[in-house]
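Listed below, chain by chain, are the residues.
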Amino acid sequence: QAQLVESGGGLVQPGGSLRLSCAASGSIFVPQVMAWYRQAPGKQRELVAKAITDGIPEYADSVKGRFTISRDNTKNTVDLQMSSLKPEDTAVYYCYGRLFQRGSVTWGDYWGQGTQVTVYS
């Protein structure tokens, strides 16, 4: 069964840093896409950063220059280094992966369970 497992998150003061990690398992190929999304209370889930295999990372305008996404294709992991955090970054952060599960005939979309990031004064 293909799945994504996240770690990291927590409480941090404005200006601080956090690192989120996500590991994909059960994909017989290197994930086509790995990304981080977030959802704040009362808001829609939004893309934070995306890393396509052999592509250029993409970032939401609100996090450019502060967040960095990185992948390790040998381990099928994706990290999100978050710096200069702001209260408006508070949200549940979800790892996303486009994986190829054994026995499937095509790529599928998979989500992690979500991890809370709270930036408080």
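The sections below set out a description of the structure shown in this document. Bear in mind that the values here come from a model prediction, so they are computed numbers and not experimental data.

Looking now at the overall build of the chain. Of regular secondary structure, the chain possesses 0 helices and 11 strands. The order of α-helices and β-strands along the chain, N terminus first, is β-β-β-β-β-β-β-β-β-β-β. Rg of the C-alpha trace for the chain: 14 Å, near the compact-globule value of 14 Å for 121 residues, within the 12% margin. Taken over 121 residues, the chain has a buried fraction of 40%. Of the contacts formed within the chain by residues at least 6 apart in sequence, a portion of 57% connects residues at least 24 apart. Of the roughly 6,400 Å² of accessible surface on the chain, a fraction of 49% belongs to carbon and sulfur atoms. A distance of 1 Å separates the average location of the 12 positive side-chain charges in the chain from that of its 10 negative side-chain charges.

Attention now goes to the nonpolar core. Core analysis: the biggest nonpolar cluster contains 28 residues, and Leu 4, Trp 36, Val 48, Phe 67, Leu 80, Met 82 and Tyr 93 have the highest contact counts within it. If you list the elements that add at least two residues to this core, you get strand 3 (18-25), strand 4 (33-39), strand 5 (46-52), strand 7 (67-72), strand 8 (77-82), strand 9 (91-99) and strand 11 (115-119). Excluding residues that lie within four positions of it along the chain, Tyr 93 makes contacts with Glu 6, Leu 20, Trp 36, Tyr 37, Arg 38, Val 48, Phe 67, Leu 80, Met 82, Gly 114, Thr 115 and Val 117.

This brings us to the sheet that holds strand 8. By way of backbone hydrogen bonds, the strands of a sheet pair with one another, either parallel or antiparallel. Strands sit in the order 1-3-8-7 across an open sheet of 4 strands; the sheet is antiparallel. Every interior strand has two partners, whereas the edge strands, strand 1 (3-8) and strand 7, have only one. Here the strands of the sheet are splayed against their neighbours by 15° on average, with no regard to which way each runs. Taken together, the 6 bridges between strand 1 and strand 3 define a ladder with antiparallel strand orientation.

What follows is about the state of the cysteines. Defined simply, a disulfide is a covalent bond joining two cysteines at their sulfur atoms. Tallied over the entire structure, the rule returns 1 disulfide. Cys 22 shares a disulfide with Cys 95; S-S distance 2.1 Å. Given an S-S torsion of about -85°, the disulfide between Cys 22 and Cys 95 has left-handed geometry. Placement of Cys 22 in strand 3 and of Cys 95 in strand 9 is noted, with a sequence separation of 73 residues between them.

Procedures and definitions
Residues numbered from 1 in each chain as written. Predicted model: local features only at pLDDT ≥ 70, side-chain atom pairs only at ≥ 80, totals over all residues. Heavy atoms only, no water. Helix = DSSP H or I, 4+ residues; strand = E, 2+ residues; numbered from the N terminus. Rg over C-alpha atoms; globule rule 2.2 N^0.38 Å. Buried < 20%, exposed > 50% of the residue type's maximum accessible area, 1.4 Å probe, protein only. Contact = heavy atoms within 4.5 Å. Areas by Shrake-Rupley, 256 points an atom, 1.4 Å probe, with all protein chains shown as cover. Lys, Arg positive; Asp, Glu negative; His and termini not counted. Charge placed at Lys NZ, Arg CZ, Asp CG, Glu CD. Core = buried A, V, L, I, M, F, W, Y, C linked by side-chain atoms within 4.5 Å. Pairing = 2+ DSSP bridges. Axes fitted to C-alpha atoms, helices over the stretch in contact; angles between N-to-C directions. Disulfide = S-S within 2.5 Å.

Everything listed here is a matter of geometry and, on its own, says nothing about what the molecule does.
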